[in-house]
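Residues per chain, in single letters:
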Amino acid sequence: MVRVRFAPSPTGLLHVGNVRIAILNYLFAKKNKGKFILRLDDTDQERSTKESENFILEDLKWLGIQWDEFYRQSENISKYEIAANRLKSCGRIYPCYETKEELSLKRKIQSTKMAPPIYDRAALSLTEQEAKKMEAAGRKPYWRFRLNDTQVMEWTDLVHGKISIPLSSISDPILIKPDGSFVYTLASVVDDIDMRITHIIRGDDHITNTAVQMDIFQAIFGKYPAFAHVPLLSSIDGIDVSKRYRSPLSIVNMRNDGVEPRALWCILATHGTANNKDPADNLETLMKKLSFEKMSLSSPKFNPEEIKLLTKKIIAEKSFDDVKADLEKLKLKNISQKFWDTIKGNLYSIKDVVFWEEILFDKIDIIKEDENFVNQMLKTLQNPMDFEQWIKDLSQISGRRGKNLFHPIRIVLTGLNNGPELIKVVGLLGYDGVKLRIENNLKA
RNA sequence: GUCCCCAUCGUCUAGAGGUCUAGGACAUCGCCCUUUCACGGCGACAACACGAGUUCGAAUCUCGUUGGGGACGCCA
């Protein structure tokens, strides 16, 4: 049974990068008829916030990602204690006393010496007396995992294929902080074992972590799950894809901007693959298309404009019934089937409805048109009006055809260069509306 | 600096030694359709980072260079 987890830390907002990983995990679980587990990695009590947690849950619900199981790391601390004790008893973790300043100094020296920036394990050779002295001086120990530094960690990554990293090139990771709290590196492994995770699907930025965590997996469990490291989205035009706060690419932002969740699914599930981004794709087709093996290995540049474009296409396909509920939320007065059918092809976001409601029912920016022509518009106007007839008459009297004929009408009636089909616009404005706008244009 | 990963049109990519005058999709531009916006149809533009090697033959294999991304936290 496939079991995967999405494990965000509630220290900021979800963004396209995060959510892409969530979607990939979800799709993989569904494809294999497995379980999708949501786990909030909130071991860092100082940074984790309830507010951020709420945003994450709402974002996932908005996307339609349903989790089969839910956990918080802050509720699993007793399990980490058991694991830590086991590691202590077999000597795989050891106490250290260096301060952050001392460590950063060591790193600086190593850097100038061109030596690898690795903890020198000085604490390992501390005598019991020296350790006691430290503690007497008020220093509290924190604990490092002793990596098996003779080993070269090797695994067959679902995306990359063979990856190998010598553990000798990595620092012994700190697992327990001086206050006794546990660091993600340990907590995550313990939970993944406890939750019987079969596949860890995460970003490329975790590759080094994986080497470390595999060693920890081995130490406490004897085996480890399969890994898929997905190349990170890279930015285009200097927009930081993974900025945690106030990112223009945060999901909260997109929700508020009226982005279609399905646009996000189509793009994020297929970006970095040979699959085309098709607005018609649903969960089923995306599931079928998913293949880690076929995923490209270089980090794809991500262009947020694509979201807008796909959103537009998806909205244009929607029926009035599909959007009724969304439209009601916007609290507009003039919502009707006719109105929707008129404007639906011109929306980049469902919120653009507000704009078109104003244009079609309220007021426009008047752009002065050729007075002679506008007078002809008024003269040929009949009540009750017949659009086709009106255009015919107007064409005859003015000698205009095609764009020359329609564009000025569009300008007079909407104040815009483009928009919905004019026959529909006129249908909504009615005789009085059309007449009023023509007169206003003459007055201006 | 140390370690890891990567390199084909503007963007996402196909391509596993000859079928590549390098294919598709999005974007852009043009034409057609519609006496208008859009949709749709057709078409155009546009790429193998560089240098050596291996080979009869290299986008494809090897090495190097350059360039990009990531990791190196008492974050996750």
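Quick summary incoming for the structure in this document. (Residues numbered from 1 in each chain as written. Chains lettered and ligands numbered in written order. Predicted model: local features only at pLDDT ≥ 70, side-chain atom pairs only at ≥ 80, totals over all residues. Heavy atoms only, no water.)

1. Regarding the nonpolar core
Test applied: By convention a nonpolar core is built from buried Ala, Val, Leu, Ile, Met, Phe, Trp, Tyr and Cys residues, the set being connected through side-chain atoms within 4.5 Å. For each residue, the accessible area found with a 1.4 Å probe, counting protein chains only, is set against the maximum for its type, and the residue is called buried under 20%, exposed over 50%, and partly exposed in between. Helix and strand assignments follow DSSP, with helices taken as H or I runs no shorter than four residues and strands as E runs no shorter than two, numbered in order from the N terminus. For each domain, the first and last residues come from an automatic or database assignment.
Core analysis: the biggest nonpolar cluster contains 47 residues, and I65, L268 and F292 have the highest contact counts within it. At ten residues, the largest contribution of residues to this core is made by helix α1 (residues 16-31). Summarising the domain contributions, this core has at least three residues from each of domain 1 (3-73 + 184-232) and domain 3 (251-316).

2. Some words on the environment of G91
Within the element layout of this structure, G91 appears in the loop between α3 (77-89) and β4 (93-96). Assessed through its relative accessible area of 40%, G91 is described here as partly exposed. When the C-alpha positions of G91 and E260 are compared, they lie 53 Å apart, and in sequence the two are 169 residues distant.

3. With respect to the packing of aromatic side chains
Heads up, the condition is: Only Phe, Tyr and Trp rings are paired, with Trp represented by its six-membered ring, and only when their centres lie within 6.5 Å; those with planes under 30 degrees apart are stacked, over 60 edge-to-face, the remainder tilted. By definition, being over a ring means that NZ of Lys or CZ of Arg is both within 6 Å of the ring centre and within 35 degrees of the ring normal.
Using the criterion set out here, one finds eight aromatic pairs in the structure. Ring centres of Y26 and F36 lie 5.4 Å apart, and the angle between their planes is 75°; this geometry places the pair in the edge-to-face category. In this pair, Y26 is assigned in helix α1 and F36 in strand β2 (residues 35-40), connecting sequence segments ten residues apart. With a centroid separation of 5.4 Å and 40° between ring planes, the pair formed by F28 and F292 is classed as tilted. Here F292 lies in the loop between α10 (283-289) and β12 (301-302) and F28 lies in helix α1, a separation of 264 residues in the sequence. For the pair formed by F28 and F292, the shared burial category is buried. Of the aromatic side chains, those joined through ring pairs into one cluster are Y26, F36 and W265. One Lys or Arg, K88, reaches over the ring of W143 and ends 4.4 Å from the middle of that ring. Residue placement shows R144 over the ring face of Y119; its charged tip is 3.7 Å from the ring centre.

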